[in-house]
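Inside the fold
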Amino acid sequence: MNSLIDKYNIPGPRYTSYPTVPYWDESTFSPEQWKQSVIRSFHESNAEEGISIYIHLPFCEALCTFCACHKRITKQHSVEIPYLESVLKEWKLYLELFEEKPKLKELHLGGGTPTFFSPENLKTLLEGIFSTVEIVEHPEFSFEGHPNNTTKNHLQTLYDLGFRRVSFGVQDYDPKVQKAINRIQPFEKVKEVTEWAREIGYRGVSHDLVFGLPHQHWDAMEYTIRKTLELKPDRLAFYSYAHVPWVKGVGQRGFDENDLPGGEEKRRLYEDGKELLQELGYIEVGMDHFSLEHDDLYQSQIQKKLHRNFMGYTSSKTQLMVGLGMSSISDSWYAFAQNVKTVEEYQKMVEEGHIPVVKGHIMNKEDLMVRRHILNLMCQLETTFDIHNSFPELENAFEMLKEMERDELVEISNNQIKITEKGRAFTRNVAMVFDLRMMRNKPETRIFSMTI
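Residues numbered from 1 in each chain as written. Predicted model: local features only at pLDDT ≥ 70, side-chain atom pairs only at ≥ 80, totals over all residues. Heavy atoms only, no water.

Right, let's get into the UniProt feature "binding site: S-adenosyl-L-methionine 2" (unreviewed entry) in the protein chain. In the numbering used here, UniProt assigns the feature "binding site: S-adenosyl-L-methionine 2" (unreviewed entry) to F66, C67, A68, G112, T113, Q171, R183, D208 and A242. Within the fold, G112 resides in the loop between β4 (103–111) and α4 (119–130). Take G112: its relative accessible area is 23%, and that puts it in the partly exposed class. The residues touching G112, leaving out its near neighbours within four places in the chain, are H56, L57, P58, F59, C60, H70 and K71. With respect to the helices and strands, the residue R183 is situated in the loop between α6 (175–180) and α7 (187–200). Dropping the residues within four chain positions of it, R183 is found in contact with C64, H146, P147, G169, Q171 and Q178. (UniProt positions renumbered as here; feature names shortened; annotations may be inferred. Helix = DSSP H or I, 4+ residues; strand = E, 2+ residues; numbered from the N terminus. Buried < 20%, exposed > 50% of the residue type's maximum accessible area, 1.4 Å probe, protein only. Contact = heavy atoms within 4.5 Å.)

Tallied over the entire structure, the rule returns 20 aromatic pairs. Measuring from ring centre to ring centre gives 5.5 Å for F211 and Y270, while their planes differ by 35°; the resulting arrangement is tilted. Of the two residues, F211 sits in strand β7 (residues 204–211) while Y270 sits in helix α9 (residues 263–279), which places them 59 residues apart along the sequence. Here F211 matches Y270 in class, with each residue buried. (Phe/Tyr/Trp six-rings, centres within 6.5 Å; stacked < 30°, edge-to-face > 60°.)

Moving on, we come to the environment of R437. Position of R437 relative to the elements: it lies in helix α15 (residues 436–440). Residue classification places R437 among the buried residues on the basis of a relative accessible area of 14%. Setting aside residues no more than four positions away along its own chain, R437 makes contact with Y18, P19, Y23, D25, H361, N364 and D367. A polar side-chain atom of R437 sits 2.8 Å from a polar atom in the side chain of D367. (Polar contact = N/O pair within 3.5 Å; in protein donor to acceptor, adjacent residues only side chain to side chain.)

Turning to unusual backbone geometry, a few remarks are in order. Negative phi values dominate among residues other than glycine, just as trans dominates among peptide bonds. The omega angle of the peptide bond from Y18 to P19 is -5°, so this bond is cis rather than trans. Going from G111 to G112, the amide bond is cis rather than trans, its omega being 15°. We note that Q171 has phi near 70°; this positive angle belongs to a residue other than glycine. Among the structural elements, Q171 can be located in strand β6 (residues 165–171). Taking relative accessible area as the criterion, Q171 reaches 6% and is therefore assigned buried. The phi torsion at D288 lies on the positive side, around 80°, for a residue other than glycine. Note that D288 resides in the loop between β9 (283–285) and β10 (289–291).

As a further point, take the packing of helix α8 (residues 218–230) against α9. Running from N to C, α8 and α9 point in directions that differ by 30°, and their axes come no closer than 10 Å. As summarised for this structure, α8 and α9 are arranged roughly parallel, according to the angle between their axes. Remark: the crossing between α8 and α9 carries right-handed chirality. Across from W218, M221, E222, I225, R226 and L229 in α8, the residues of α9 making contact are R268, L269, D272, G273, L276 and L277. Here the contact of α8 with α9 is built from residues that sort into seven nonpolar, one polar and four charged. (Axes fitted to C-alpha atoms, helices over the stretch in contact; angles between N-to-C directions. Parallel < 35°, antiparallel > 145°, perpendicular 65-115°, else oblique. Left-handed = near helix turned anticlockwise from the far one by under 90°. Nonpolar A, V, L, I, M, F, W, Y, C, P; charged D, E, K, R; others polar.)

Turning our attention to the packing of α4 against helix α5 (residues 152–160). In the contact formed by α4 and α5, the axes pass within 9 Å of each other and the chain directions differ by 15°. As the angle between them shows, α4 and α5 are arranged roughly parallel. In this structure, α4 crosses over α5, and the sense of that crossing is right-handed. The residues of α5 that touch α4, namely those facing P119, E120, L122, K123 and L126, are N153, H154, T157 and L158.

Let's shift gears to the pattern of salt bridges. In this structure the tally under the stated criterion is 32 salt bridges. Note that R198 and D234 form a salt bridge whose closest N and O atoms lie 3.8 Å from each other. Of this pair, R198 sits in helix α7 while D234 is found in the loop between α8 and β8 (235–240), placing the two residues 36 residues apart along the sequence. Here D234 falls in the buried class, since its relative accessible area comes to 8%. Notably, a salt bridge pairs D367 with R437, separated by 2.8 Å at the nearest N-O pair. Here D367, found in helix α12 (residues 365–380), pairs with R437, found in helix α15; they are 70 residues apart in sequence, far enough to count as distant. Judged by relative accessible area, D367 falls into the buried class, the value being 0%. (Salt bridge = Lys/Arg side-chain N within 4 Å of Asp/Glu carboxyl O.)

Dropping the structure here:
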């Protein structure tokens, strides 16, 4: 395994989209084209499957120095109401594109820290959206909660509005690691909010753990996993820390690369962590995710309904996902669009009556074909690849896949590529084989985190 780590531990995307954001072709994109793609997707999918909404709530009271998300650090809660009013105005701009009432299937509150906002203000936001849509029979409403500031009132208010899933960011319980990443969070607090959620009736409680953080070693990682499993969350995200300090605004400081576990040590954190999770009843789903057998995520993988988008893995698919809020990314299937990245510019554009997109990508026939292969690999760990009826450049992919087959990472038969159990750790590498845009435009500087 060590030789494979040396061979395949290279910078690579996480593939929450294809093409990945650095390879979007902005020369062919315009806000008007984006609107047309949204209208097309809405007409094709609304009646059958409904739509998804992602709301980015960017404010945090303190900077976690492992975070690579777009956020705004402030303790001034006076920012809440103006921001939420802008989100509702942005949603109204999308409603003007639709000729019928949207059917809402999925909604997620992400951040930043959604629980920075008061329960009352979140209720006002959500009721404003719900009054304009038809909610499907079994919607998937979820939010990210910070254990230190998620109150019982937050949980009850959102539950009463239809939320049944909550994800708590745990990261690590080692005090030295917590200090380095500026996330001081005792186990007792996580236990309290988890038990509140269960008491209220949430059917899905998830914890996020991160391996590869500064000062992490196996003994401490094992302690974190065992403490987490005392609470038996329904699903776990076991993420690799993405060290991207060159990205503007991520705030990854308080430690340097010498404090991070090296490739071999980091891989041990993952391999031994994965083995321990499986011993304790968790099943690996897709990449980086584990769930108990009863959870929707595992059931969706069995039924081949697992989907992946900018929210990560979801248990069901919608063709149209509208991203609201500063820096949100939307997906119409035929195009991607990202909102402006500062609160002030976002609010100004919305106030002026503009959907606040700053960049995007219009999919061509090749993009749609490659996207399908990468989605299949990321969600089902397999895809069917007809080399004779694909784009010529993908002939190179077949040669790279043959090498991966020799390394026992994939199995190839009758044009079908399956990622093996050994190859799960290298899922991103297998997906990269199909990434024609990256193949043609290899970056001169590093733009992705390491795959391992």
